[in-house]
Protein chains: 2
Amino acid sequence: MAICSAHTTTSLHSPCATVSNTGFRQKQVIFFTSNRRSGRRHGGARTFQVSCSVEKPVVIGLAADSGCGKSTFMRRLTSVFGGAAEPPKGGNPDSNTLISDTTTVICLDDYHSLDRTGRKEKGVTALDPRANNFDLMYEQVKAIKEGQAIEKPIYNHVTGLLDPPEVITPPKIFVIEGLHPMFDERVRDLLDFSIYLDISDEVKFAWKIQRDMAERGHSLESIQASIEARKPDFDAFIDPQKQYADAVIEVLPTQLIPDDNEGKVLRVKLIMKEGVKHFNPVYLFDEGSSISWVPCGRKLTCSYPGIKFAYGPDTYFGHEVSVLEMDGQFDRLDELIYVESHLSNLSTKFYGEVTQQMLKHADFPGSNNGTGLFQTIVGLKIRDLYEQIVAERADAPAEAAKV
Amino acid sequence: MAICSAHTTTSLHSPCATVSNTGFRQKQVIFFTSNRRSGRRHGGARTFQVSCSVEKPVVIGLAADSGCGKSTFMRRLTSVFGGAAEPPKGGNPDSNTLISDTTTVICLDDYHSLDRTGRKEKGVTALDPRANNFDLMYEQVKAIKEGQAIEKPIYNHVTGLLDPPEVITPPKIFVIEGLHPMFDERVRDLLDFSIYLDISDEVKFAWKIQRDMAERGHSLESIQASIEARKPDFDAFIDPQKQYADAVIEVLPTQLIPDDNEGKVLRVKLIMKEGVKHFNPVYLFDEGSSISWVPCGRKLTCSYPGIKFAYGPDTYFGHEVSVLEMDGQFDRLDELIYVESHLSNLSTKFYGEVTQQMLKHADFPGSNNGTGLFQTIVGLKIRDLYEQIVAERADAPAEAAKV
């Protein structure tokens, strides 16, 4: 333990971290899947005490409806943490998991207890908690958090079936993304940080039309029907999770264009909970004041409809929050670096890191608006949170040794 | 000249400046008053070339309607420049002039060519250019600017008569305040900096009621009638001067209280012309952007209706300007120092100087709102302008000597 602790650093790119990742292959795997359909059960938890603290992942929850840009968000996050995220090598090609040097992202659809046929039979949607195995979700997230590998089921989105499980070893940062990361209180309590992607109905509709009509050939009516069919369960089981989120990214129609219903220009809010350990909200100009800022003027000439930022304190489900808002979109790099230079508490490692990240993924959806900007910022805040936790763990034995 | 220049410093409190002020008593006095009623005429200009550049005053014009807080403004200005302003010692007790260590303020009413009776006879108001001697105003301001003393007439506000003239020697800063400092193009061209105090009709009415009803026992009807009687001449001769001002202080009713007509809470704008030599507009957070700022939040708890600042670029009579706006009023010192700490280009000599000045004169009208704040800021900007001009003059012979 002391040797490993001595290696622990506050950097995601520490040599210790690499060693511990590799070292993990020799450890025992915890697999206890409960699969209603296949009936397979791989026995109870065989716990294995992992003593090296750096191997205990920081666990992040990301909640959002399907098709709301979670995968883009994940690619932005893992890019900030370092390295590209890819599906597990040599495994199930339909795996929903993404693995990078530092981060493993699992999709909570893998904890569906009912497959597509099962849901149809029972008349429940995937949003319904009855279609999901929260006991298993809790046990496996807990195991990972304690540094133990798991055998996680795979929900095959192509076939709609539950495929044989895959082994997941504890990464530095473990992200659970999907419909219900904050639904179950036990799972919620395991999260070191949680994010809710809140897409307004107007924008969700515009996006679904673009994706499902243009790319998948669905009809307008069928899209409308599918949204409406999901809405009761969404409102009952998904939406209420946002009250637990440490950060909410809210995507709304622009207010810069009167009566806009195109959904192309977006107003995006980053709602940051106050008083969250290791998380210091970003602010604009003056922490705790209410500010609006139109950077287009003498220094920047933004094209129509321009860009407008707002920042200020607020309450959100009874919690004190700070809200940063961006309406409009960037035309050019100099606008982005100018905005970055006026934001504080960004947790960047060098001047211009936000801009660099945004440029690196200029082809990702939302790179010219608040969704990309705030996803990138959340990535930086999580990296910072991770590094603070690791530093704290590294200090803890040293402090103990002094006594 | 070289000796004096060597003494010139950029500080208002330089030893050279004191010497030159005292030395002035030995110089010749320029007096050429043209007084229609008395018929006195004190001969032509006997010019006296003053070689020490520091003795040539910086000339400031302040335009405003009578009873619009000019005297408070002047006391704030002279306080910033150093020393209290008092009427000339041993002179006419009804003199309109104020003299401090550094500054002489003359009232342009002294250039009335018609006294009260004369105006009545001719049926013109004091606002009418025909009631004022712009030739004399020009000649005397020019003489002062060239470092020559003058014999300036005195308009006696008590008797309504033109009293015998008083001698005015060139100060460091010469302020001409009154109805027409920017009306005559020749006088206007002599101004190094000009300010227009623009009180909206609603606020003017509320103020006049307070002063003339409460303090002077006038009736509401007579106040209304007097405002309306002045309005055509005011609109024709006074108001148009604001297009020439380098800075305008605009006083409006608050927007924080819906449908407010009490006129107690004020919204005040400081409109600063861009591209004025030696004048670098104040800004809030980000120069050239459009900003609104409510500092009441987590750090300050302002009482109802709070305080709201705004800043941004605009155009004013075809000129590019920067506008700083304050709506509401200060309750306490910490609000003021907090605001000061977020303003840039204030031209203070130390952190907190604005707050110190405001506290020093907490009993002056407008000390808790934008009028007092912006008058103080304008004072600081003029001091800075003066010091830049003096420094430039000091550098000029040194530069010439190098060639």
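Rules behind the numbers
- Residues numbered from 1 in each chain as written.
- Chains lettered and ligands numbered in written order.
- Predicted model: local features only at pLDDT ≥ 70, side-chain atom pairs only at ≥ 80, totals over all residues.
- Heavy atoms only, no water.
- Contact = heavy atoms within 4.5 Å.
- Buried area = accessible area lost by both parts, 1.4 Å probe.
- Salt bridge = Lys/Arg side-chain N within 4 Å of Asp/Glu carboxyl O.
- Polar contact = N/O pair within 3.5 Å; in protein donor to acceptor, adjacent residues only side chain to side chain.
- Helix = DSSP H or I, 4+ residues; strand = E, 2+ residues; numbered from the N terminus.
- Least-squares fit on C-alpha atoms with pLDDT ≥ 70 in both.
- Axes fitted to C-alpha atoms, helices over the stretch in contact; angles between N-to-C directions.
- Left-handed = near helix turned anticlockwise from the far one by under 90°.
- Nonpolar A, V, L, I, M, F, W, Y, C, P; charged D, E, K, R; others polar.
- Buried < 20%, exposed > 50% of the residue type's maximum accessible area, 1.4 Å probe, protein only.
- Lys, Arg positive; Asp, Glu negative; His and termini not counted.
- Core = buried A, V, L, I, M, F, W, Y, C linked by side-chain atoms within 4.5 Å.
- Pairing = 2+ DSSP bridges.
- 1 Å grid on protein atoms, 1.4 Å probe; cavity = no way out; pocket = protein on both sides within 12 Å on 5 of 7 lines; lining within 4 Å.
- Points joined across faces, edges and corners; volume = space filled by probe spheres on them.
- Bend = angle between axes of the 7 residues up to and from the residue.
- Phe/Tyr/Trp six-rings, centres within 6.5 Å; stacked < 30°, edge-to-face > 60°.
- Lys NZ or Arg CZ within 6 Å of the ring centre and 35° of its normal.

(A) Main features of the interface of chain B and chain A. Residue-level contacts link 22 residues of chain B with 22 residues of chain A. Buried surface at the junction of chain B and chain A, summed over both partners, amounts to about 1,600 Å²; 38% is from carbon and sulfur atoms. For the chain B face of the interface with chain A, the top three residues by lost area are Phe285, Asp286 and Arg298 of chain B, together amounting to 36%. If you look at where chain B meets chain A, you find zero salt bridges. For the pair chain B and chain A, the interface holds eleven residue pairs in polar contact (both at pLDDT 80 or more). Mapped by element, the contributors of at least two residues to the side of chain B that touches chain A are strand E12 (290–294), strand E13 (307–316), strand E14 (319–328) and helix H9 (333–342) of chain B.

(B) Structural detail: the relation of the copies chain B and chain A. Note on the identical chains: chain B maps onto chain A by a rotation of 180° and an axial translation of 0.0 Å, with an RMSD of 0.0 Å. On the angle and the small slide along the axis, the relation comes out as a two-fold axis. The position closest to the rotation axis in chain B is occupied by the C-alpha of Ser292 of chain B, lying 2.5 Å away. Same-surface contact between copies: 100% of interface residues of chain B are shared with the interface of chain A.

(C) Spatial organisation of the packing of helix H9 (residues 333–342) of chain A against helix H10 (residues 353–360) of chain A. Residues and elements named next belong to chain A. Axis separation between H9 and H10 bottoms out at 8 Å; the angle between their running directions is 145°. H10 is crossed by H9, and the crossing has right-handed handedness. Where H9 approaches H10, its residues Leu333, Leu336, Ile337 and Glu340 are matched on the opposing element by Glu353, Val354, Thr355, Met358 and Leu359. Partitioned by chemical class, the residues of the contact of H9 with H10 number six nonpolar, one polar and two charged.

(D) Quick peek at the side chain of Lys273 of chain A. Residues and elements named next belong to chain A. Position of Lys273 relative to the elements: it lies in strand E10 (residues 266–273). Salt bridges are absent for the buried Lys273, whose nearest opposite-charge side chain, Asp246, sits at 4.5 Å. A distance of 3.5 Å separates the side chain of Lys273 from the backbone oxygen of Ala245, its partner in a polar contact. Dropping the residues within four chain positions of it, Lys273 is found in contact with Gln243, Tyr244, Ala245, Asp246, Phe279, Pro281, His319, Glu320 and Val321.

(E) Spotlight on the nonpolar core. The biggest cluster of nonpolar side chains holds 116 residues, and the ones touching the most others in it are Leu373 of chain A together with Leu373 of chain B. Apart from the residues lying within four places of it in its own chain, the contact partners of Leu373 of chain A are Phe309, Met326, Phe330, Leu336, Val354, Met358 and Gly366 of chain A.

(F) Fine view of the environment of Arg211 of chain B. Residues and elements named next belong to chain B. Within the fold, Arg211 resides in helix H7 (residues 201–215). Overall, Arg211 belongs to the partly exposed group, its relative accessible area being 26%. As for Arg211 and Gly160, which are separated by 51 residues in sequence, their C-alpha atoms are 20 Å apart.

(G) Up close: the pairing of E10 of chain A. Residue and element names in this part refer to chain A. Judged by how many residues are buried, E10 sits mostly within the fold: seven of eight residues are covered. In the sheet, strand E9 (residues 247–253) pairs with E10 via seven bridges, with the strands oriented antiparallel. Counted as the bridge partner of Ile249 is Leu270 from E10. In terms of strand pairing, E10 meets strand E14 (residues 319–328) through seven bridges, oriented antiparallel. Bridged to Lys269 within E14 is Glu325.

(H) Seen up close, the side chain of Arg188 of chain A. Residues and elements named next belong to chain A. Along the chain, Arg188 falls in helix H6 (residues 185–190). There is no salt bridge for the buried Arg188, and the closest opposite charge comes from Glu185, which lies 4.6 Å off by N-O distance. The residues touching Arg188, leaving out its near neighbours within four places in the chain, are Pro181, Met182, Phe183 and Tyr244.

(I) Up close: empty space enclosed by the protein. Residues and elements named next belong to chain B. On inspection of all chains with the given rule, the structure shows eight cavities of 30 Å³ or more. Computed from the structure, the largest cavity encloses a volume of approximately 80 Å³. If you go around the largest cavity, the residues you meet are Asp65, Asp201, Lys204, Lys208, Ile227, Arg230, Lys231 and Phe234. Breaking the lining of the largest cavity down by element, the ones donating at least two residues are H7 and helix H8 (220–238). Here the lining of the largest cavity is built from residues that sort into two nonpolar, no polar and six charged. Of the volumes computed, that of the second largest cavity is approximately 70 Å³.

(J) Structural detail: the pairing of strand E8 (residues 193–199) of chain B. All names here are of chain B. Most of E8 sits inside the fold, with seven of its seven residues counted as buried. Judged by which residues are buried, E8 turns out to be covered on both faces: Phe193, Ile195, Leu197 and Ile199 on one side and Ser194, Tyr196 and Asp198 on the other are all buried. Direction of pairing for strand E2 (residues 58–63) relative to E8: parallel, over a ladder of four bridges. Residue pairing for E8: Gly61 is matched across the bridge by Ser194. Bridge count between E8 and strand E9 (residues 247–253): five bridges; the pairing is parallel. In the strand pairing of E9, Asp198 is matched with Glu250.

(K) Fine view of helix H8 (residues 220–238) of chain A. Residue and element names in this part refer to chain A. The sharpest bend along H8 measures roughly 40° and falls at Lys231, with the proline Pro232 sitting one to four residues further on. Along H8, the residues classified as buried are Ile223, Ile227, Asp233, Phe234, Phe237 and Ile238. On its buried face, H8 sits against strand E8 (193–199) and helix H7 (201–215).

(L) Up close: the packing of aromatic side chains. Tallied over the entire structure, the rule returns 17 aromatic pairs over all chains. A ring pair is formed by Phe183 of chain A and Phe237 of chain A, whose centres lie 6.3 Å apart and whose planes are at 75°; its orientation type is edge-to-face. Of the two residues, Phe183 of chain A is situated in the loop between strand E7 (173–178) and H6 and Phe237 of chain A in helix H8; the sequence distance between them amounts to 54 residues. The class of Phe183 of chain A is partly exposed, set by a relative accessible area of 31%. An aromatic cluster is defined as three or more aromatic residues linked by ring pairs; in this entry it consists of Phe285, Trp293, Phe309 and Tyr338 of chain A together with Phe285, Trp293, Phe309 and Tyr338 of chain B. Note that Lys204 of chain A overlies the ring of Phe234 of chain A, its terminal NZ or CZ placed 3.7 Å from the centroid. It is Arg188 of chain B that lies over the ring of Tyr244 of chain B; its NZ or CZ is 3.6 Å from the centre.

(M) The pattern of salt bridges, seen in detail. According to the stated counting rule, one finds 38 salt bridges over all chains in the structure shown. In this structure, the salt-bridge partner of Lys152 of chain A is Glu166 of chain A, at a minimum N-O distance of 2.9 Å. Residue Lys152 of chain A is located in strand E5 (residues 149–155), and its partner Glu166 of chain A is located in strand E6 (residues 162–168); the two are separated by 14 residues in the primary sequence. What makes Glu166 of chain A buried here is its relative accessible area of 9%. Residues Arg383 of chain B and Glu353 of chain B are paired through a salt bridge, measuring 2.7 Å at the closest nitrogen-oxygen approach. In this pair, Arg383 of chain B is assigned in helix H11 (residues 370–402) and Glu353 of chain B in helix H10 (residues 353–360), connecting sequence segments 30 residues apart. A residue is classified by how much of its surface remains accessible, and Arg383 of chain B, at 5% relative accessible area, is buried. Bridged by salt links that share partners, the residues Asp65, Lys204 and Arg230 of chain A form one connected network.

(N) Unusual backbone geometry, seen in detail. Residue and element names in this part refer to chain A. Cis geometry marks the peptide bond from Tyr304 to Pro305, where omega comes out at 0°. Topologically, Pro305 is positioned in the loop between strand E12 (290–294) and strand E13 (307–316). We note that Phe285 has phi near 65°; this positive angle belongs to a residue other than glycine. Considering the arrangement of structural elements, one finds Phe285 in the loop between strand E11 (283–284) and E12.

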